[in-house]
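# An overview of the molecular structure
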Amino acid sequence: MHEISPASALALKICGLAKSFERPAVDGLDLSVPAGEFYCLLGPNGAGKTTTLRMVTGLLKPDRGSISVYGVDALEDSIGAKRIMAWVSDEPMLYDQLTPMEYLDFVAGLWAVDATAAAARAKDLLSWLGLSPYADERCGGFSKGMRQKLALAGALVHEPKLIILDEPFTGLDAASSRIVKDVLRERVRAGCSVIMTTHILEVAERMADRIGVMAKGRLIADGRLDELRLRAGASGASLEDTFLALVAQDREAA
Amino acid sequence: MSASGSLAWFAAHEARLAWRDWRWLMTRGRKDRAGAAALGFVAFVLFMHGVACMALSSSFRLAGPADAKALAVVAGSLALAFSAMLSQATELVTRAFYARGDLELILTSPAAAARLFAVRIAAIAATIFSMSLVFAAPFINVQAWLAGPQWLCAYLAAAALAMFAVACAVVIVGALFAVLGARRTRFVSQIVAAVIGAAFAIGLQFAAIISFGTMDAPRFAVLERLALDPDSALLWPARAVFGEPAPLAFMLGLGLAALFAVIGVYAPRFGGLVLTAGSQSNASKKSSPRQADLHSASPAQALRRKEWSLLLRDPWLMSQTLMQLLYLLPAAFLLWRSFFSGSGVANFLAPVLIMAAGQLAGGLAWLAVSGEDAPELIATAPVDAASVLRAKTEAVLVGVGVVFAPLVLMLAVASPLAALVSLAGVVVAAGSATAIQFWFRAQAKRCHFRRRQISSRLATFAEALSSNGWACAGAMAVAGAWLAVVPSVMVVAMLAGVWSISPAKATASS
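Residues numbered from 1 in each chain as written. Chains lettered and ligands numbered in written order. Predicted model: local features only at pLDDT ≥ 70, side-chain atom pairs only at ≥ 80, totals over all residues.

## What about the overall build of chain A?
How we decide: The way it works is that DSSP assigns letters per residue, a run of H or I at least four long becomes a helix, a run of E at least two long becomes a strand, and they are numbered from the N terminus. Buried, partly exposed and exposed are defined by the number of other C-beta atoms within 10 Å of a residue's own C-beta, namely 20 or more, between the two limits, and 12 or fewer respectively, with C-beta atoms placed from the backbone.
Broken down by element type, chain A carries 9 helices and 10 strands. Residue burial in chain A is summarised as follows: out of 254 residues, 51% are buried.

## Concerning the packing of helix α3 (residues 68–98) of chain B against helix α5 (residues 113–147) of chain B
All names here are of chain B. Rules: Between the N-to-C directions of two axes lies an angle of 0 to 180 degrees, each axis being a line fitted to C-alpha atoms and, for a helix, fitted only over the stretch in contact. In this scheme the handedness of a crossing depends on how the near helix is turned from the far one: anticlockwise by less than a right angle means left-handed, clockwise means right-handed. Think of it this way: build a C-beta for each residue from its backbone, and any pair within 7 Å is a contact. In this classification, Asp, Glu, Lys and Arg are treated as charged, Ala, Val, Leu, Ile, Met, Phe, Trp, Tyr, Cys and Pro as nonpolar, and every other residue, Gly included, as polar.
Where α3 meets α5, the axes come as close as 10 Å, and the angle between the chain directions of the two elements is 140 degrees. Our pair here, α3 against α5, has a crossing hand that is right-handed. Across the interface between the two elements, Ala81, Met85, Gln88, Ala89, Leu92, Val93 and Ala96 from α3 touch Arg120, Ile124, Thr127, Ile128, Met131, Ser132 and Ala136 from α5. Of the residues assigned to the contact of α3 with α5, the class counts are 10 nonpolar, 3 polar and 1 charged.

## Considerations on the pairing of strand β3 (residues 38–42) of chain A
All names here are of chain A. What counts here: Strand pairing follows a simple DSSP-based rule, namely that at least 2 bridges must link the two strands.
By the criterion of burial, β3 is predominantly enclosed, with 5 of the 5 residues buried. Residues Phe38, Cys40 and Leu42 line one face of β3 and the alternating positions Tyr39 and Leu41 line the opposite face, and both faces are buried. Relative to strand β9 (residues 210–215), β3 runs parallel, the two sharing 4 bridges. Bridging from a neighbouring strand, Tyr39 pairs with Arg210 of β9.

## Section: α3 of chain B
Each full turn of the α-helix corresponds to 3.6 residues, which orients residues three or four apart in the same direction. For clarity, the cut-off: Residue count minus one, scaled by 1.5 Å, sets the expected span of a helix.
Compared with an ideal rise of 1.5 Å per residue, which puts 31 residues at 45 Å, α3 of chain B spans 44 Å between its outermost C-alpha atoms and is within 8% of the ideal. The buried count for α3 of chain B comes to 24 of 31 residues, which makes it a mostly enclosed element.

## Points about unusual backbone geometry
Residue and element names in this part refer to chain A. In this model, Tyr70 sits at a positive phi of 50 degrees, which is unusual for a non-glycine residue. Positionally, Tyr70 belongs in the loop between β4 (64–69) and β5 (72–73). The phi dihedral of Glu159 is positive, around 50 degrees, even though this residue is not glycine. Following the sequence through the fold, Glu159 ends up in the loop between α5 (144–156) and β7 (162–166). Exposure remark for Glu159: the 16 C-beta atoms within 10 Å place this residue in the partly exposed category.

## Some words on the interface of chain A and chain B
Each side of the interface is counted separately: chain A has 38 residues, and chain B has 33 residues. Contributing elements (two or more residues each) for the side of chain A that touches chain B: α2 (78–83), β6 (85–88), α3 (100–110) and α4 (115–128) of chain A. Per element, the largest residue contribution to the side of chain A that touches chain B is 8 residues, and it comes from α3 of chain A. Grouping the constituent residues of the side of chain A that touches chain B by class yields 22 nonpolar, 8 polar and 8 charged.

## Re the sheet that holds β6 of chain A
Residues and elements named next belong to chain A. What the 6 strands build is an open sheet, ordered β6-β7-β8-β3-β9-β10; its pairing is mixed. Each edge of the open sheet carries a strand with a single partner, namely β6 and β10 (218–223). Adjacent strand axes in the sheet meet at a mean angle of 15 degrees when their direction is disregarded. Taken together, the 5 bridges between β9 and β10 define a ladder with antiparallel strand orientation. Looking at the pairing, Ile211 lines up with Gly223 of β10.

Put into structure tokens, the structure is as follows:
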């Protein structure tokens, strides 16, 4: 197992990260997320949020820049970084012909988690997420909410230190959303770090310790909600108003 | 402009979708390719007419009256065409039942869905007719040019056959649905389609091989030997092709009546069947309870176990693979005839096993390597890419081993040499097919298995050449012919050539 530096106070540190497709998607991004923090990354469509997170998780290779996860260089030692991370995308990718238990077994195997510990954890997670009654049914017939919850269970079964989620609440009903939020809060309380993108600003407002706002591939604002309000010159405003003001300011500055 | 929701409106909608699908297929969605696609189409049409010219001018022209020989040739062609049409139609009708696409939109709209389904059944008939024309039209045109315009009646006969085939297919799938239920129908109808499609062709090839030692040119002469009575009603479709008015009118009437009857009966029920199919395919299947039983040990073991579980639980994919194996039988039979006429069945089995192993490994390797439903999970797991590929290769080769090891063992009882050659052949054929799939891997969903041969024609071609080449080498080796080295070297050279132009080589070089 890779040694994680106990002195590493940052769950994620990104420096000068850049990625272009036909045009720059991420443009010299600098971002730091302290360990044990719930961090929400906001931004208009095409801001580069998902591209950033996909580079952090090793799904995309950056053109330049550096990524460090709990002190592990994610570009030099991608396996070491992956060992302590989990990724949940907006479109949960499951195997229709596997049952939730088999899926969790598979994920636990990929992360080489001890079978006994994984079994107990899998049962707890399924119970927690309300999936126990479906533990032995194949995933093919699951609803979007059930699939998203199972993908989250897969992300948690190997007890990552950093959970990265891309729009995890898309298409979830209120009950499922509540369960996912509770699980994420519990993980943060347990010392985990969570980085999440969302377009549901209310979720970010309620859950995030800090919020980052991206536009055109750069971080245009970063801080606690009250700090963002101050920066936007919108004291007492909702996150939605603050977010729109910050994006408008950036647009005017450009 | 026709009224919304009318038959004509739905027909226009379907025609527009079909046209755009076809255009996309030809141009891959790029407008700048339209010219090249049109040129390619014209070149293909000219090429096919050239082939038809050579084929028809070098053999008998069927210029005279409908004698027994001519009728036998045409009847054989029609029987072959009908089995292919029925097979395709069965598959298309099944797909229409299970495809979600725009059906939810249609079924939740106030428009009369029965009209849409009437149009769709007719559209399937039009599709089958069009598909048959790709190969039939050049021969009909050339025959009309060489032997007289009455041969243009073959177009009408083909249309009648297409309508009748679709009517039969709807009845077959509807009956399967009623008897087996929605869940099993998809699987069984796939097999039925494969068997129908293969049965006549394979049967004819076997007969041709037995009679003439080849499976190509003289196959219809086999029909002559059946010595059908020239007045037999079985020859009416052939007479229709010759332009005889009564048989032609009968065929057209039969085709139209069957199609309209099926539309009348099934179009109003189609919506219900589609909904049943949809709800069944969404329903969860139970697996044996194993809540407290996790096996997690190593990433490689987890990957192998996952691949095996998915392979065993996907009957659709297995049926596709079985279908490939079915089509191999005549070629293997011919190999046996060519090299071992007079020898035992053990020698016959060696090339069959080698060819089948190559085909099976190719299919399984595609599923394991390219058909990954959760690529991001694998990519974000702390497992290096080489380990993932190694585990998937092991899963494929063990799968092939499980299928073929008992057969090779049984063969060893009859002929140790044939078993030894088969073992070596199975290993190299499976290894070659798996390697080709690795070189041409392209991320896709497992459910896209049926499209795998379209995504890389080069890989498909190389896979077939490799399997056949190793089978040929195996056949020669069992015969004790040192010439077995020749096809072996050719396959290795072909594999080297394919590797040199594969995407994997390009990636490795960059």
